[in-house]
Amino acid sequence: MSYGDDENGGFAVAGSFPKGFGYGPDDTETEQPADSPEDKPRILLMGLRRSGKSSIQKVVFHKVSPNETLFLESTNKIVKDDISNSSFVQFQVWDIPGQIDFFDPTFDSDMIFGGCGALIFVIDAQDDYIEALARLQMAVTRAYKINPNIKFEVFIHKVDGLSDDNKIETQRDIHQRSTDDLAEAGMETVHLSFHLTSIYDHSIFEAFSKVVQKLIPQLPTLENLLNILISNSGIEKAFLFDVMSKIYIATDSSPVDMQCYELCCDMIDVVMDMSSIYGARDDGAFDGNSSSIIKLNTNNVLYMREVNRHLALVCILREDSFDRQGLIDYNFMCFKKAIQQVFDVRKQVASTNNSDGRAAMATSHNLLHHNGSVEGAAS
Ligand SMILES: Nc1nc2c(ncn2[C@@H]2O[C@H](COP(=O)(O)OP(=O)(O)OP(=O)(O)O)[C@@H](O)[C@H]2O)c(=O)[nH]1
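Being a predicted model, the structure only gives us computed values, none of them experimental.

Enquirer: Is there a simple way to think about a nonpolar patch on the surface in this case?
Expert: Nonpolar side chains collect at one region of the surface, where Val 270, Met 274, Ile 277 and Tyr 278 lie side by side and expose about 470 Å² of accessible area between them. Following the sequence through the fold, Val 270 ends up in helix 8 (residues 258-278).

Enquirer: What is the right way to read the packing of aromatic side chains from this model?
Expert: Ring pairs (aromatic) are described by centroid distance and by the angle formed between their planes. If you walk through the whole model with that rule in mind, you get ten aromatic pairs. Ring geometry for Phe 239 against Tyr 248: centres 5.0 Å apart, planes inclined by 70°, an arrangement best described as edge-to-face. Residue classification places Phe 239 among the buried positions, given a relative accessible area of 0%. Given the relative accessible area of 1%, Tyr 248 is considered buried. Ring pairing ties together the aromatic residues Phe 239, Phe 241, Tyr 248 and Tyr 261, which thus form one cluster. Stacked on the ring of Trp 94, the Lys or Arg Arg 42 has its end atom at 4.1 Å from the ring centre. Residue placement shows Lys 237 over the ring face of Phe 239; its charged tip is 5.6 Å from the ring centre.

Enquirer: Whenever I open this one, the sheet that holds strand 3 (residues 92-95) confuses me. Can you help?
Expert: Each strand in a sheet pairs with its neighbour through backbone hydrogen bonds, running either in the same direction (parallel) or in the opposite one (antiparallel). Read from one edge to the other, the open sheet built from six strands follows the order 2-3-1-4-5-6, with strand pairing classed as mixed. A single partner strand is all that each edge strand has here, and the edge strands are strand 2 (79-82) and strand 6 (192-196). Ignoring which end each strand starts from, the neighbouring axes of this sheet average 20° apart. Pairing analysis gives four bridges linking strand 1 (residues 42-47) to strand 3, with the strands arranged parallel. From the neighbouring strand, Arg 42 faces strand 3, where its bridge partner is Gln 92. Here helix 2 (residues 53-62) sits on the sheet and contacts strand 1, strand 2, strand 3, strand 4 (116-124) and strand 5 (151-157); the angle it forms with strand 3, its principal contact strand, is near 155°. With respect to the sheet, helix 6 (residues 203-214) is in contact with strand 1, strand 4, strand 5 and strand 6, its orientation differing from that of strand 5 by roughly 175°.

Conventions we followed
Residues numbered from 1 in each chain as written. Predicted model: local features only at pLDDT ≥ 70, side-chain atom pairs only at ≥ 80, totals over all residues. Heavy atoms only, no water. Patch = residues over 30% accessible without salt bridge, like charges linked within 9 Å, V, L, I, M, F, W, Y side chains within 5 Å. Areas by Shrake-Rupley, 256 points an atom, 1.4 Å probe, with all protein chains shown as cover. Salt bridge = Lys/Arg side-chain N within 4 Å of Asp/Glu carboxyl O. Helix = DSSP H or I, 4+ residues; strand = E, 2+ residues; numbered from the N terminus. Phe/Tyr/Trp six-rings, centres within 6.5 Å; stacked < 30°, edge-to-face > 60°. Buried < 20%, exposed > 50% of the residue type's maximum accessible area, 1.4 Å probe, protein only. Lys NZ or Arg CZ within 6 Å of the ring centre and 35° of its normal. Pairing = 2+ DSSP bridges. Axes fitted to C-alpha atoms, helices over the stretch in contact; angles between N-to-C directions. Contact = heavy atoms within 4.5 Å.

This is the structure:
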């Protein structure tokens, strides 16, 4: 059974968009004015020196291998990395040097925290973290006063060096101490989220995915669409990936199994490598009609379909469900159309705002990169 118009019609997204978001300047197919880099929503990476901030940025967004980060030079000034050119997610990642002094008059906290969507605080779990926790509290207090909408994310990082028991104990201890510190400062309403991360496995991509998802206003709609797709196609798990960064911007509502996520990431790597060698386009990237099937010896199939220039659907399903590939493909086409509609609504809202003279200002919600025309991306 495929899903029809009635079910698709269920996503009333128009009213849910915040006013004033725009599209990425690199999207030549849109008519929206370009945001200046300073206006783009940003994710801040903070933490003590050598905690691993630059490494995270390089591994997730620049395809640097973890070993190459071993001898990274210390960052001395704020590094602004605009990742919107290659990615569906439209933001800047700012790497704030560990030694920066929040009370220094040259540190423009209003500007830095004002347009910030999420603040990621990186704590080196292999080191003594007492100083890091004091610093975390200082950063959160300062940032929250300026912008109470910031999402605070704590990466308990470098956990590759810890045993499983130790990881859990460290997370519990950091959680306890940091929430106690905040309560003492009268800020018990501030919510911190904790993630165990390492650049040596997929945990850093998973954690970044969770951070980015919180900043995507269309997330519930995307999740609904994925739920409908999988339940009607015999798919076990589906991820909507930003191909370049391997961040998944949405998945269906069944729990995420790390192994399954890793398989899907590996599939993206394989397919991108193949297309960079044999792809028809100069940039080697997928086009809108690309697909790939990998059959595993566990009787499962990995199936990847390109949604647009930046996004791909990667799903895992049992081999016997894949016998009905025609049905899956039909449902996928409906899914792709629905995704297109979601972003078309967004485009309309933005252009209405612009024609009213309310120029699109970037907000923390301004994350998704609209790919003007799905058909346009297909060769
Ligand atoms: N074992 C392990 N080492 C890591 C991990 N992430 C980063 N490192 C190492 O930590 C060291 C410091 O990393 P950087 O990325 O330079 O740290 P930083 O926070 O940017 O440091 P500053 O620029 O001084 O603020 C490097 O040698 C990295 O290889 C990790 O997940 N596990």
